[in-house]
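Structural features, examined
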Amino acid sequence: MTTHTTSATVPSYVLDQWWTPAEGSRTAEVRDANTGEALLRFGAEGLDLGEVLAHARTIGQRELGALTLHERALKLKELALFLNSRRDELYALSHRTGATAVDNMVDIDGGIGVLFTYSSKGRRELPNAKVIQDGGVEPLSKDGSFIGTHIYTRIPGAAVQVNAFNFPVWGMLEKFAPAFIAGVPTIVKPATPTGYVTEAAVRIMIESGILPAGSLQLISGSARGLLDVMDCRDLMAFTGSASTAQSLKAHPNVVTGGVRFTAETDSLNAAILGPDAVEGTPEFDAFVKAVVTEMTVKAGQKCTAIRRTIVPEGQREAVARAVSARLDSRVVLGDPRAEGVTMGALASLDQLRDVRGAVEELIAAGGELAYGTLDAPTVRTASGEEAVVEHGAFMSPVLLSWADGDAEAVHSREAFGPVTSLLGYTDVADAVRLAARGSGSLVATVCTNDPEVARELTTGIAGHHGRVHLLNRETARSSTGHGSPMPQLVHGGPGRAGGGEELGGIRAVLHHMQRTALQGSPNLITAVTGVWQTGADRRIAGSTAYGAEAGQEHPFRKSLTDLRIGDALASDLRQVTQEDITAFAHTTGDTFYAHTNPEAAAANPFFPGTVAHGYLLVAWGAGLFVEPAPGPVLANYGLENLRFITPVAAGDSIRITLTAQKITPRVTDEYGEVAWDAVIHNQDDEIVATYTVLTLVEKEDTLYRDWTD
């Protein structure tokens, strides 16, 4: 650490304003990874971390809490569009970290893509509310007056997100997006070597004017002591080295203070070539391509990169030749600002020293250099010349081949750069054993076209991995790759990989929320969840013989402005005849014997004789509840959870009760979804069928008004 003036210091964004440390404060220097040119300084000395946290817990919580889940999700889409319009600025800056155009696509475009994905999933899969009901209802009393369920509500503190240097944009946004939807304010702490790219992304996000006050803060510099001021209200999500994660996990506020802690750390990920994938097969070629891609994208600086390439012993030399040939033909090492460069520098000279040191240890432990060098390579400079750049953090790709695949170092020492180790196995069981020696990993690729090999390898290694990527000729072109976590799927892994879990679609939103068991009456649980529960009060229109109140309007005549959960319709009975059943059978072609053959139907233990089709009853149910005139109901778009419970024979009658169970207005449209609880009873009040009817309903009844006008 040195002292300097504040003019070149990367600022923090705290308390809804930009902040730089006082002149003379301690800072760290950041250099261009390609040239060694001094760029900026980092430091946060003098920043009151307790005040930063308090701002998130008060202003951030208040402002985010004023929005529903859908409103927050929509802001993510707006933010993604704004960032997308400014991504060229981030690309230009990111080149200084050694990132190529492909690297930037993974980091910057990938991060923006996470925002789009979470915006879409949040609005499709979550209620437009502030509370999420988790699952169904458990009856806790015989008369139904006391029930139980579970709910999710946001944690009351802040999400502190500590990110690694290798993905300054994606690493921030993949944590920020689910926290934001959950309604939890974010405090970002990026790694120093590339934190200036994170700062630029945050600056664009703040300039958009989209974010509520207090919802995002940035600490550019050391945040030592932040855990000291965190408590059980807060969450820390860490990405980085396993040793640092272990140190943070040991903090008293994590061990006994209740701070939620999740970690995603380095891991010795594997790629396994199936015994069927011999040289000349599409699988062999796809495998080699995957290995080279993971060695060179981000210069191998990915927590998901392939560190152990596990192949049949008889294929080890062939794989080494093929990987070497592809590296020779595809890799142009140099400054990403030069035309044609496909692999850039490591993030810093410190990182270069660490990776070279790790490779030297691996060679000393038995690894043989099958490709590459530890000498300073000749690279293409920004001017297009070929030269050795004295202060650039460039490193040749390195392939190590191991005669002894059980050497301890290859399963414990990671070189976090463009390095992979090639190991041979004897049979599938041996491949499973070698993969497990990584002590827990983020991802493994299984490359085979043999279904039995895919099954045996996957079931053998899944318990040691957070993700398994199956690669064959069918996915070689369409796969997003071994090293690309997708926002829809879980990212994380057991053991050495940190034991944490990020992404995974809505799962990540729920990680920022507390699941609480809720017990009470149907009316009170309806009030808390915003979802009508069986037994809660209703306002019933329709047949007074079945509970309707005089003067109640048909719920299908109500727009979302007027409709309330608990608005319901009770129909009269309609009798089913054998003629109805026979006609439906012939019209639909469903002549199953239970509907057409009295003797065969009577022999079936489930039926009293010929019975009505379940779908006939559902169709009649629609006829019993529909309101035919144009009005606010725009469309029926499906049924959910349909169950047939009691058979209906000729001569029986059915009626339906329809209740507005959940109302979800769309933020961006003039309509929303309504889920209706539907129950069909017979003449003896036995339940015949239960299901949920889904409709699209106008917020205002413009359709009826326009039609009558």
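In this text the structure is predicted, and so the values were computed from the model without any measurement.

Observations regarding the overall build of the protein
- Helix and strand counts for the protein come out as 20 helices and 31 strands.
- With respect to the principal axes defined by its C-alpha atoms, the protein has extents near 90 × 65 × 55 Å.
- Counting across all 709 residues of the protein, residues that qualify as buried make up 54%.
- Considering only intrachain contacts with a sequence separation of at least 6, the fraction spanning at least 24 residues in the protein is 74%.
- In the form shown here, the protein has an accessible surface area of approximately 28,900 Å², with 51% of it arising from carbon and sulfur atoms.
- Looking at the protein, you have 59 positive and 84 negative side-chain charges, and the mean spots of the two groups are 4 Å apart.

A short note on the nonpolar core
- Counting 63 residues, the largest nonpolar core has Ile310 and Val323 as the members making the most contacts within it.
- Here this core gets 8 residues from one element, more than from any other, and that element is helix α9 (residues 282–296).
- Those residues within four positions of Val323 in sequence are excluded, and the remaining contacts are Val288, Val291, Val292, Met295 and Leu399.
- Counting 55 residues, the second-largest nonpolar core is a separate cluster that includes Val30, Leu76, Ile108 and Leu235.

Observations concerning the confidence of the model for the protein
- Mean pLDDT over the protein works out to 91, with 98% of the residues at or above the 70 mark.
- Here strand β1 (residues 2–3) is the element of the protein with the lowest mean pLDDT, 33, and strand β10 (residues 216–218) is the one with the highest, 97.
- Counting interchain partners and residues more than four positions distant, the pLDDT-below-50 stretch residues 1–7 has 19 contacts.

Quick look at the packing of aromatic side chains
- Tallied over the full model, the rule gives 8 aromatic pairs.
- Summarising the aromatic geometry, the rings of Phe167 and Trp170 are spaced 5.7 Å apart at their centres and angled 65° between planes, so their arrangement reads as edge-to-face.
- By relative accessible area, Trp170 is classed as buried at 9%.
- Seen in terms of ring centroids, Phe176 and Phe180 are 5.3 Å apart; in terms of plane orientation they differ by 40°. Their pairing is tilted. Residue Phe176 and its partner Phe180 are both found in helix α5 (residues 170–182); the two are separated by 4 residues, about one turn of the helix.
- Ring pairing ties together the aromatic residues Phe556, Phe625 and Trp676, which thus form one cluster.
- Across from the ring centre of Trp18, 4.0 Å away, lies the NZ or CZ of Arg203, which sits over that ring.
- Looking at Lys298, its charged tip hangs above the ring of Phe167, at a distance of 5.0 Å from the centre.

Regarding the sheet that holds strand β7 (residues 147–154)
- The 3 strands are arranged β6-β7-β24 in an open sheet whose pairing can be described as antiparallel. Every other strand in the sheet has two partners, leaving β6 (132–139) and β24 (513–520) as the edge strands with one partner each. The mean angle between the axes of side-by-side strands here comes to 20°, regardless of whether they run parallel or antiparallel.
- Pairing between β7 and β24: 8 bridges, direction antiparallel. Residue Thr149 lies in a different strand from β24, and its bridge partner there is Leu518.

Thoughts on the side chain of Ser12
- As for its placement among the helices and strands, Ser12 is situated in strand β2 (residues 12–14).
- Engagement of the side chain of Ser12 in a polar contact is seen with the backbone nitrogen of Ser220, the distance being 2.9 Å.
- Setting aside chain neighbours within four positions, we find Ser12 in contact with Gln17, Trp18, Trp19, Leu47, Leu218, Ile219 and Ser220.

Let's talk about the packing of helix α2 (residues 69–85) against helix α4 (residues 101–125)
- With their axes 8 Å apart at the nearest point, α2 and α4 run at an angle of 155° to one another. One finds that α2 runs roughly antiparallel with respect to α4. Handedness of the α2/α4 crossing: left-handed. Of the residues in α4, those in contact with His70, Ala73, Leu74, Leu76, Lys77, Leu79, Ala80, Leu81, Leu83 and Asn84 of α2 are Ile112, Leu115, Phe116, Tyr118, Ser119, Gly122 and Arg123.

Conventions adopted
- Residues numbered from 1 in each chain as written.
- Predicted model: local features only at pLDDT ≥ 70, side-chain atom pairs only at ≥ 80, totals over all residues.
- Heavy atoms only, no water.
- Helix = DSSP H or I, 4+ residues; strand = E, 2+ residues; numbered from the N terminus.
- Buried < 20%, exposed > 50% of the residue type's maximum accessible area, 1.4 Å probe, protein only.
- Contact = heavy atoms within 4.5 Å.
- Areas by Shrake-Rupley, 256 points an atom, 1.4 Å probe, with all protein chains shown as cover.
- Lys, Arg positive; Asp, Glu negative; His and termini not counted.
- Charge placed at Lys NZ, Arg CZ, Asp CG, Glu CD.
- Core = buried A, V, L, I, M, F, W, Y, C linked by side-chain atoms within 4.5 Å.
- pLDDT = per-residue confidence, 0-100.
- Phe/Tyr/Trp six-rings, centres within 6.5 Å; stacked < 30°, edge-to-face > 60°.
- Lys NZ or Arg CZ within 6 Å of the ring centre and 35° of its normal.
- Pairing = 2+ DSSP bridges.
- Axes fitted to C-alpha atoms, helices over the stretch in contact; angles between N-to-C directions.
- Polar contact = N/O pair within 3.5 Å; in protein donor to acceptor, adjacent residues only side chain to side chain.
- Parallel < 35°, antiparallel > 145°, perpendicular 65-115°, else oblique.
- Left-handed = near helix turned anticlockwise from the far one by under 90°.

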